[in-house]
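Architecture and fold: a report
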Amino acid sequence: MRFPSEKSTKESLVALAMLLPSLIFLTAFTYWPILRSLYFSFHDVMLGSNKIYFLGWENYERVLTDALFWKSFRNTAFYTLITIPAAIICALLLAVALDTKIRGVALYRSAFFYPVMIPSVAAGMVWVFLYAPGYGPINGMMDILGLPKLEWLYSSEWALPAIMIMSIWKYSGYFMLILLAALQLVPRDLYEAAKLDGVSTWHQLIHITIPLISPTIYFVVIIGILHSYQIFDYVFVMTQGGPADSTNVLTLYIYQNAFQYQDIGFASTVANMLLLFIGILIALIAATLGRRVHYLGS
Amino acid sequence: MTSTKLPISRRHFLQVGAGAITAAGMLGTTPLFASGTDVVKLQFMYPVGVSGDINRIVTGMINDFNASHEKVQVEPIYAGSYDNTEQKVMTSLGVGEPPATWLPINSALQTFLGMDALADVTAMAKADDIYQDFLPGFLSICESEEKLYGLPFQCSTPVLYYNKDLFAKAGINKAPDTWAELMETAKALTIRNGADVSQWGVTFGGGWHDWIFESFVRQNAFVPWQKDKVMFDAPEAIDALEFWVKMVKEGVMPSASTWQGSANDFMAGRTAMLYHSTGSLTNLRKSSPFEVGVAFMPKNKTYGATIGGGPILMAKNQPDTHLQASWTFARWMTNTQNQTHWCKETGYIAARKSSWEGEDLKAFVNEVPAAKVALEQAAYAGAFLQVPGYHKVREYLKSALDRTLAGEIDPTSALKDATKQANREIERLMRRRG
């Protein structure tokens, strides 16, 4: 009786010892801040002051009636809704194209992965130059193609799409790499069989490739949503949320409230709303898309 | 020298040793409480708030200061925009290590006072020529309840810049003087090809359009704020915003722009008129390939302008020697000669009467009459939105203006909403102050 229980105690101690490092970090830098921000959201907390006043639901009332919160919310949702599907489609096409034995495939793969390796602040600055209305190469190209020149980052209509285009460029390579790894695990004989039956390349993609790599696509969708809700660096570097808040997103709005307006209580409230929203979104995706994932061998 | 025994007992040795350790400990803190003979090191955080090579000019001035002052050395810290600078100062205040001096926008005065961050320099100023020589309007932006908290350094107002070539091409020979004329002139100068506008009639520098907006409200003979509340929903303010909406609907003004982008547009001839800071004057004048005209912002009931730009403020939480040194620095940056230099180099309005009476600036005004427009307009100018929580309050106002100009909401509802939200924020901060 004593022997197995001792063994399991020992095992759980080992498990605890192995979990401890990450548990310490998660507690200190994730769970504890989440609890703190929940606490702060019901209080009036000011950066640089140790006086805290209880407010009840006041911060939440303010958030729900705050036009700028809803604008940032809409901007973030719009950004995610367009950027992530577009980047995944680009990535999938790239991955399928580069999963073949064409000449110089390693070079192409590195070339398309290259944007991922550029630090986001540097990439942001480069795109600020590319988008410059007067001398920017993008407007130069639009001029050659006979398209109207745009004001890009200086226009409240085009600033957000401009950041989205750049994000698609940046995300595609990253997603491509993940999808490429998944593609290489798809058994080749399935394609050979399909070819013998005269199935077109397009139908092979729809009926073989996509179902078999669906767990990875699911993973990429989740990662993509998480990434895009955390978008901050590009906006901060390229537009600071402007013009006219057309590129303000939730993370930037949290930052502004916390550090520009010193209103930690309100910033925490927005952060909690963001957390709640991402939670609901992920749950929805898990309940719909997650159920359709096809696991190889199961 | 017969005895080899040291004349120190063990106890004596320990006492001396303890003393030495204490002394060494104190030595570590000496930079904070430097004695008269040491060099006092100060930090100065400043922004670049207009278009042009301001950074080089400020650094040059500080180098001159350091070269001419043996006992005070100032470290210039360029901190980005006004918002970035103020934020950096607030963060340092939060951890109890503020810079000795900094340059915010004057509107942040109440915010810093709320944080108990500012040294009262009234006595030092009274012992000096400050109250006699500074233009009263500019000095008042550093005052609260008759106490002085800084020295005005880079004073500006928005002015109307116009492209004389484009005016001549359209057969117009004078800048608009009233809102009605502004509308007419802007219409005459707008060039569109179908839906595309290749030349706007007028652009208001975005990002600081709330500052420009307050000028419009002042032109309706109203100041939309008091020390503890805002009145953005007053009829005078709603009327001003309705005028803006009319300009956008007529298609003579873009509904949004950026601060730097609008200046670039003006220099590239993409807008014929521009509302921008006087601080941009020298850059616009020198970088534009055409002759730049400068005029008063057109009046409605009266002329009116808002003072932007900033005072040099000094931290309360610093030893006396450092406060003295900070004063020496602020005083030097705003002396007659430096205000003249700064005014010529940038277009910011020199804050001292003696600068304007000096031969140097007189000669400059003869050569560039535009430099004097802002000074004359300053007679109609007042401080900008000096309320607690200014950063958040102006964000509510900007958002209201932006949403209205984008056609998402009508002027009255937008300004009512902004007023409600802003006053709630001010109340919260007043409550905190207790």
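Being a predicted model, the structure only gives us computed values, none of them experimental. (Residues numbered from 1 in each chain as written. Chains lettered and ligands numbered in written order. Predicted model: local features only at pLDDT ≥ 70, side-chain atom pairs only at ≥ 80, totals over all residues.)

**Describing the overall build of chain B**
When helices and strands are tallied, chain B shows 20 helices and 15 strands. The buried share of chain B, reckoned over its 434 residues, is 52%. Look at the contacts in chain B between residues 6 or more apart in sequence, and 74% of them connect residues 24 or more apart. (Helix = DSSP H or I, 4+ residues; strand = E, 2+ residues; numbered from the N terminus. Buried ≥ 20, exposed ≤ 12 C-beta atoms within 10 Å, placed from the backbone. Contact = placed C-beta atoms within 7 Å.)

**Digging into the overall build of chain A**
Within chain A, the regular secondary structure consists of 13 helices and two strands. Taking 2.2 N^0.38 as the reference for a compact globule, 298 residues should give roughly 19 Å; the C-alpha atoms of chain A span a radius of gyration of 24 Å, well beyond that estimate. Expressed along its principal axes, the backbone C-alpha trace of chain A runs to roughly 80 × 75 × 30 Å. Across the 298 residues of chain A, 33% fall into the buried class. For chain A, the proportion of contacts with a sequence separation of at least 24, taken over those separated by at least 6, is 70%. (Rg over C-alpha atoms; globule rule 2.2 N^0.38 Å.)

**As for the sheet that holds strand 12 (residues 271–277) of chain B**
All names here are of chain B. In spatial order, the strands read 8-9-12-7-13; together these five strands make up an open sheet with mixed pairing. Because the sheet does not close on itself, it has two edges, and the strands there are strand 8 (191–193) and strand 13 (292–295). Looking at each pair of strands side by side, their axes are set apart by 30° on average, direction ignored. Two elements, strand 7 (residues 158–163) and strand 12, share five bridges in a ladder whose sense is antiparallel. Among the inter-strand pairings, Tyr162 is bridged to a residue of strand 12, identified as Met273. Helix 9 (residues 179–189) rests against strand 9 (196–204) and strand 12 of the sheet, and its axis sits at about 155° to strand 9. Sitting on the sheet, helix 10 (residues 209–219) is in contact with strand 7, strand 9 and strand 12, with an inclination near 100° to strand 7. (Pairing = 2+ DSSP bridges. Axes fitted to C-alpha atoms, helices over the stretch in contact; angles between N-to-C directions.)

**Here's the deal with the environment of Ser110 of chain A**
Take Ser110 of chain A: it is sitting in helix 4 (residues 105–117). Along the primary structure Ser110 of chain A and Leu177 of chain A are separated by 67 residues, whereas in three dimensions their C-alpha atoms are 9.5 Å apart.

**A few points about the pairing of strand 6 (residues 150–156) of chain B**
Residue and element names in this part refer to chain B. Where burial is concerned, most of strand 6 is hidden: seven out of the seven residues are buried. As paired strands, strand 6 and strand 14 (residues 305–314) are joined by six bridges and run antiparallel to one another. Across the sheet, residue Cys155 finds its bridge partner in strand 14, namely Gly309.

**Side note on the environment of Val121 of chain B**
Residues and elements named next belong to chain B. Inspection of the secondary structure puts Val121 in the loop between helix 4 (109–114) and helix 5 (122–126). Exposure remark for Val121: the 23 C-beta atoms within 10 Å place this residue in the buried category. For the pair Val121 and Gly251, spaced 130 residues apart in sequence, the C-alpha to C-alpha distance is 49 Å. Apart from residues no more than four positions distant in its own chain, Val121 is found in contact with Leu148, Tyr149, Gly150, Met314 and Trp327.

**What about the nonpolar core?**
If you look at the biggest cluster of nonpolar residues, it comprises 128 residues, and the most contacted ones within it are Leu160, Tyr161, Ala186, Met314, Phe329 and Val393 of chain B. Aside from chain neighbours lying at most four places away, what touches Leu160 of chain B is Ala175, Met273, Tyr275, Ala295, Phe296, Met297 and Pro298 of chain B. Within the second largest apolar cluster, 56 residues are counted, among which are Tyr131, Trp152, Leu179 and Leu180 of chain A. (Core = buried A, V, L, I, M, F, W, Y, C linked by C-beta atoms within 7 Å.)

**Observations regarding the interface of chain A and chain B**
The extent of an interface is frequently quoted as the accessible surface area lost upon association of the parts. Each partner contributes to the interface: chain A provides 20 residues, whereas chain B provides 26 residues. Secondary-structure elements contributing two or more residues to the side of chain A that touches chain B are helix 3 (67–97) and helix 12 (250–260) of chain A. For the side of chain A that touches chain B, the per-class residue count stands at 10 nonpolar, six polar and four charged. (Nonpolar A, V, L, I, M, F, W, Y, C, P; charged D, E, K, R; others polar.)

**Here's the deal with helix 3 (residues 82–94) of chain B**
For helix 3 of chain B, built from 13 residues, the straight-helix expectation of 18 Å at 1.5 Å per residue is met to within 8% by its first-to-last C-alpha distance of 18 Å. Of all the positions in helix 3 of chain B, only Tyr82, Asp83, Thr85, Glu86, Gln87, Val89, Met90 and Leu93 of chain B are classed as buried. Looking at the buried positions of helix 3 of chain B, the neighbouring elements they touch are helix 12 of chain A together with strand 1 (40–46), strand 3 (101–102) and helix 19 (390–405) of chain B. Immediately downstream of helix 3 of chain B, the backbone of Gly96 of chain B shows phi near 75°, a positive value. (Expected span 1.5 Å × (residues − 1).)

**Structural notes on the packing of helix 3 of chain A against helix 10 (residues 214–229) of chain A**
Residues and elements named next belong to chain A. Orientation of helix 3 relative to helix 10, taken along the N-to-C sense of each, is 140°, at an axis distance of 9 Å. You can see that helix 3 and helix 10 cross each other, and the crossing is right-handed. Counting all contacts with helix 3, which are made through Thr76, Tyr79, Thr80, Thr83, Ile84, Ala87 and Ile88, the residues of helix 10 involved are Val220, Val221, Gly224, Ile225, Ser228 and Tyr229. Residues that form the contact of helix 3 with helix 10 fall into these classes: eight nonpolar, five polar and no charged. (Left-handed = near helix turned anticlockwise from the far one by under 90°.)

**Some thoughts on the environment of Asp143 of chain A**
All names here are of chain A. Take Asp143: it is sitting in helix 6 (residues 137–144). On the basis of neighbour counts, which here come to 11 C-beta atoms within 10 Å, the residue Asp143 falls in the exposed class. Linking Asp143 and Ile168, residues 25 residues apart in sequence, is a C-alpha distance of 23 Å.

**Considering unusual backbone geometry**
Negative phi is the rule for most residues except glycine; trans is the rule for most peptide bonds. Residues and elements named next belong to chain A. Look at Gln240: it is not a glycine, yet its phi comes out positive at around 55°. Note on placement: Gln240 falls in the loop between helix 11 (233–238) and helix 12. Residue class for Gln240 comes out partly exposed when judged on the 18 C-beta atoms lying within 10 Å of it. Located in the positive-phi region is Asp245, a residue other than glycine, with phi close to 60°. Along the chain, the position of Asp245 falls in the loop between helix 11 and helix 12.

**Describing the confidence of the model for chain B**
Averaged over chain B, the pLDDT score is 88; the fraction of residues at 70 or greater is 91%. The complex model carries a pTM of 0.83, and its ipTM stands at 0.77. (pLDDT = per-residue confidence, 0-100.)

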